[in-house]
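These are the residues of each chain, in order.
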Number of protein chains: 2
Amino acid sequence: MTMHAASSEIRPLRVGIAGLGTVGAAVAGILKRQENALAARCGRPIRVTAVSARNRNRDRGIDLSGFAWFDDPVALAASPEIDCLVELIGGSDGPAKTAVETALSAGKHVVTANKALLAAHGVALAELAEANGAALAFEASSAGGIPVVKTLREALSGNNVSRLYGILNGTCNYILSRMELEGLTFEACLKDAQRLGYAEADPTFDVEGFDTAHKLAILTSLAFGTKIDAEAIHVEGISSITPLDLKMADELGYRIKLLGVAERTKTGIEQRVHPTMVPKSSAIAQVMGVTNAVTIDADAVREITLVGPGAGGGPTASAVIADIADVARGTAGQPFGMPVARLEQPTRAPMQRHEGGYYIRLAVADRPGAAAAIATRMAQADISLESIVQRRSEIAAQRDPGGRSGAPVPVVLITYATSEQAIRGALEKVSADGHIAEAPQVIRIERE
Amino acid sequence: MTMHAASSEIRPLRVGIAGLGTVGAAVAGILKRQENALAARCGRPIRVTAVSARNRNRDRGIDLSGFAWFDDPVALAASPEIDCLVELIGGSDGPAKTAVETALSAGKHVVTANKALLAAHGVALAELAEANGAALAFEASSAGGIPVVKTLREALSGNNVSRLYGILNGTCNYILSRMELEGLTFEACLKDAQRLGYAEADPTFDVEGFDTAHKLAILTSLAFGTKIDAEAIHVEGISSITPLDLKMADELGYRIKLLGVAERTKTGIEQRVHPTMVPKSSAIAQVMGVTNAVTIDADAVREITLVGPGAGGGPTASAVIADIADVARGTAGQPFGMPVARLEQPTRAPMQRHEGGYYIRLAVADRPGAAAAIATRMAQADISLESIVQRRSEIAAQRDPGGRSGAPVPVVLITYATSEQAIRGALEKVSADGHIAEAPQVIRIERE
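Calculation rules
Residues numbered from 1 in each chain as written. Chains lettered and ligands numbered in written order. Predicted model: local features only at pLDDT ≥ 70, side-chain atom pairs only at ≥ 80, totals over all residues. Heavy atoms only, no water. Core = buried A, V, L, I, M, F, W, Y, C linked by side-chain atoms within 4.5 Å. Buried < 20%, exposed > 50% of the residue type's maximum accessible area, 1.4 Å probe, protein only. Contact = heavy atoms within 4.5 Å. Pairing = 2+ DSSP bridges. Helix = DSSP H or I, 4+ residues; strand = E, 2+ residues; numbered from the N terminus. Least-squares fit on C-alpha atoms with pLDDT ≥ 70 in both. 1 Å grid on protein atoms, 1.4 Å probe; cavity = no way out; pocket = protein on both sides within 12 Å on 5 of 7 lines; lining within 4 Å. Points joined across faces, edges and corners; volume = space filled by probe spheres on them. Nonpolar A, V, L, I, M, F, W, Y, C, P; charged D, E, K, R; others polar. Domains from an automatic or database assignment. UniProt positions renumbered as here; feature names shortened; annotations may be inferred. Axes fitted to C-alpha atoms, helices over the stretch in contact; angles between N-to-C directions. Buried area = accessible area lost by both parts, 1.4 Å probe. Salt bridge = Lys/Arg side-chain N within 4 Å of Asp/Glu carboxyl O. Polar contact = N/O pair within 3.5 Å; in protein donor to acceptor, adjacent residues only side chain to side chain.

A. Representation of the nonpolar core in the model. Within the largest apolar cluster, 162 residues are counted, with the highest numbers of intra-cluster contacts made by Leu152(A), Ile175(A), Leu152(B) and Ile175(B). Not counting chain neighbours up to four residues away, the residues in contact with Leu152(A) comprise Val161(A), Leu164(A), Leu219(A), Leu222(A), Ala223(A), Ile296(A) and Arg41(B).

Have a look at this one:
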């Protein structure tokens, strides 16, 4: 009743949604369902007035008759019918970018879930927003329904962040969880993930770590007050992880997760995406299946971890609507939490200078002296070993019950903290020595 | 440089801190250390101009010479030298309440960490803030450094919350963690907690669940858009938990945590604080030691969990400063996320109507027919048992190797979902039957 009276006096926020896939349809549905509550929360009504998508006739379970229809998202962005563009098209360039630029240039607010766009052009778009007095909000771009953008930008205002790491891709975590729990291969789990809709037909973008890298680029900027530098990210995916690696990790007290890690080191900001051994007792190790999680280490708060769904219509829409509500209230703030001019150009910490523990799995020729020669190479590079596990493969043992056939045997080394450079150098020598039958598997260990 | 120019034009936010304990000193220290970063984040400088505490001469590791000193926090609150009062005195009434009311009545913003004050007078204070156009922010009042207030109030704007539960008291979680891991008694762990500064000399407020209840009252209001109703909370503490309960929980696949739970049920809003069995695989079960955690179930986002330090100078100051930064930016919003007039009077769901699974430990007289009689009483009350574990105590076995001495034997029942009323009724009958030697231990099981 109060709101009805209010809505005739107070200008509603008129929202245009570009892209009506699962997320867009969920956003439109929730804005309708929560109309009254959102008006009370924001002090003004929020109304979808216009939409744009590729196919007008697809059944999305929502009634489009009340919305102006645009075939072209850029025309939607330019329309005087909207105050706020919700960009859910995707892609780092093309119509998504043009639509966002068009809206911002016209002083319209933009809410987007587009991580690729932000990773490539986030700083330039923030400048454009700033110049036009518009908001640019992107909670849904990283870690789906988890409010990590708001946490970094607002809740940790008084903190210096030293490290941020997270499981930012549900597809990879689903695959690694199933490989671990059921002893399956990467290929088998990927096929299941595709069948269940957790992985795309072309899974490269997810499983090779690029999706995680886009999200990490955005979070790094928010955490350290630096310009987005996606190209600096060292990226490795999970396709080389074998059931044996997961089994060895388990025996040694670890789990393997694809992490995005951003850390302030002596040499600069280190940004890396790679399969990572994490202690089984750590909070991040408990996160299984498609769930995402982010841990932030900072000077005042020490450590906080946020866990939740990283994708899906509802969770992503939840984040999009939080941003729309901030826009409606006028509390969206600065895109990266401070003026763009204050964002520093990050000094890239080269991966060669990364320091940490390593898991190394070698396929070692089963002949006298091989293990000793490898240990010697490690010692020469000043690498201290925490443990060595040597295990004849079951196949080799069956074929050759007496042993000493020369068939390769897996040897796993766990090192104390050392540098990437030292590890790479030592492994080159081990390889040149001719003791190993295939390329070494190297997985970094992340301390708690 | 930019900020220097800006600060001469833009009015700084002048902060007065009432209470200079660990948190107050940390807030003053961080505001000084992060002066430039906060000015960039907020668009204006934040300056502590005045302070108040009981003892002016105590060494707090901060230089007070630049601040106006007030012996009386109420005089500080009334001072024209401040725009924002940071209330860190504590207590539901007395000077804390008067100071906060004085500040709000004068249109000054208030940031407080005072859960007792909010649990008792939160709605009235929010009304006062609203009437005077002032902010009332209280992120630090619940779960310390975890941004749960901001998450409920802003990040979940588009959600209907169905349940919220959390570990909100580090003292209790520390004691239960040590009891579990080391097999110690409650009393022994409490003594250690006191020695380490994790528990007060009079620990009642923490260990009997009242501290958790205050925090839960605030979070319930934010989660469900209801008026604070602290008196409706069913409160049980952890002092009756024995090492045997933790051992049985472990064997049955559970951990015991003191949870605050708020849930929308058929009969209304259920608010309860009690020791709870949680599945070992759940996110909340992983939270050990003084760490806090909150899980929120909501329709759009499904489930998110926030984990972090619930107390301590740095983490609490982190939350206080996030609020001060929101005040400085002008984005603090409405205290409970909507106008006070929109907050509903919650319908109390009576504890007798609570439905869930139960762990029941009985000290049963070791004679024929006792177990059968108990099982019959359960069946008569329509309670289905998931498992029954009967174990003769080691002491009884030593004393009486042949058994059948009549010394009581612990019997543990795990029920399927039933009502509190049914359980209480059945246990009254079991007790009247004379088969049990002491009051039954009843611990509710929380589903994931």
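From this point, things continue past the structure.
B. Molecular detail of the sheet that holds strand β1 (residues 13-18) of chain B. Residues and elements named next belong to chain B. Pairing within the open sheet is parallel, and its six strands lie in the order β3-β2-β1-β4-β5-β6. In this open sheet, the two edge strands, each paired with only one partner strand, are β3 (68-70) and β6 (136-137). Sheet analysis places β1 next to strand β4 (residues 84-87), joined by four bridges and oriented parallel. Directly across from Ile 17, in β4, lies its bridge partner Val 86.

C. How the structure looks around helix α3 (residues 35-42) of chain B. Burial in α3(B) covers these residues: Leu38(B), Ala39(B), Ala40(B), Arg41(B) and Cys42(B). A positive phi of about 75° marks Gly43(B), the residue just after α3(B).

D. Expanded view of the relation of the copies chain B and chain A. With an axial shift of 0.0 Å and an RMSD of 0.1 Å, the rotation relating chain B to chain A amounts to 180°. Taken together, the rotation and translation relating the two chain copies correspond to the operation of a two-fold axis. An overlap of 100% is found between the interface residues of chain B and their copies at the interface of chain A, pointing to a shared contact surface.

E. Summary view of unusual backbone geometry. Residue and element names in this part refer to chain A. We note that Arg 302 has phi near 70°; this positive angle belongs to a residue other than glycine. Within the element layout of this structure, Arg 302 appears in strand β12 (residues 302-309). Residue class for Arg 302 comes out partly exposed when judged on its relative accessible area of 47%.

F. Broad picture of the layout of surface pockets. Residue and element names in this part refer to chain A. Each pocket or cavity is described by its volume, and for the second largest pocket that value is around 1200 Å³. Val 23, Lys 115, Glu 200, Ala 311 and Gly 312 are the residues nearest the centre of the second largest pocket, which is lined by 39 residues in total. Mapped onto the lining of the second largest pocket, the elements with two or more residues apiece are α2 (22-33), α6 (115-131), α8 (170-182), α10 (204-207), α11 (210-224) and α13 (313-329). Along the lines of polarity and charge, the residues of the lining of the second largest pocket split into 13 nonpolar, 19 polar and seven charged. Each of domain 1 (2-137) and domain 2 (152-310) accounts for three or more of the residues forming the lining of the second largest pocket.

G. Geometry of the UniProt feature "transmembrane region" (unreviewed entry) in chain A. In the numbering adopted here, UniProt assigns the feature "transmembrane region" (unreviewed entry) to residues 12-31 of chain A. Regarding residues 12-31 of chain A, the helix share stands at 50% and the strand share at 30%, and the terminal C-alpha atoms are separated by 13 Å.

H. Local environment of the sheet that holds strand β3 (residues 68-70) of chain A. All names here are of chain A. Judged by pairing direction, the sheet is parallel, and its six strands sit side by side in the order β3-β2-β1-β4-β5-β6 without closing on themselves. The strands lining the two open edges of the sheet, one partner per strand, are β3 and β6 (136-137). Here strand β5 (residues 109-112) pairs with β6 via two bridges, running parallel. Paired with Val 111 across the two strands is Ala 137, which belongs to β6. Its contacts with the sheet place helix α5 (residues 95-105) against β4 (84-87) and β5, and it is angled at close to 165° to β4. Seen against the sheet, α13 touches β1 (13-18), β2 (46-52), β4, β5 and β6 and runs at an angle of roughly 165° to β5.

I. Representation of the domain arrangement of chain A. All names here are of chain A. Domain annotation of chain A identifies domain 1 (2-137), domain 2 (152-310) and domain 3 (354-445). Between the C-alpha centres of domain 1 and domain 2 there is a distance of 30 Å. Each partner contributes to the interface: domain 1 provides seven residues, whereas domain 2 provides nine residues. Both sides of the domain 1 and domain 2 interface together cover about 630 Å² of buried area, and 78% of this is carbon and sulfur. The largest contributions to the domain 1 side of the interface with domain 2 come from Lys 115, Ala 119 and Val 123, which together make up 74% of the buried area. One can count one salt bridge joining domain 1 with domain 2. Salt-bridge contacts for Asp 211 lead to Lys 115; the nearest nitrogen and oxygen are separated by 3.5 Å. Here domain 1 is connected to domain 2 by one residue pair in polar contact (both at pLDDT 80 or more). It is α6 that contributes the most residues to the side of domain 1 that touches domain 2, six residues altogether. Grouping the constituent residues of the side of domain 1 that touches domain 2 by class yields five nonpolar, one polar and one charged.

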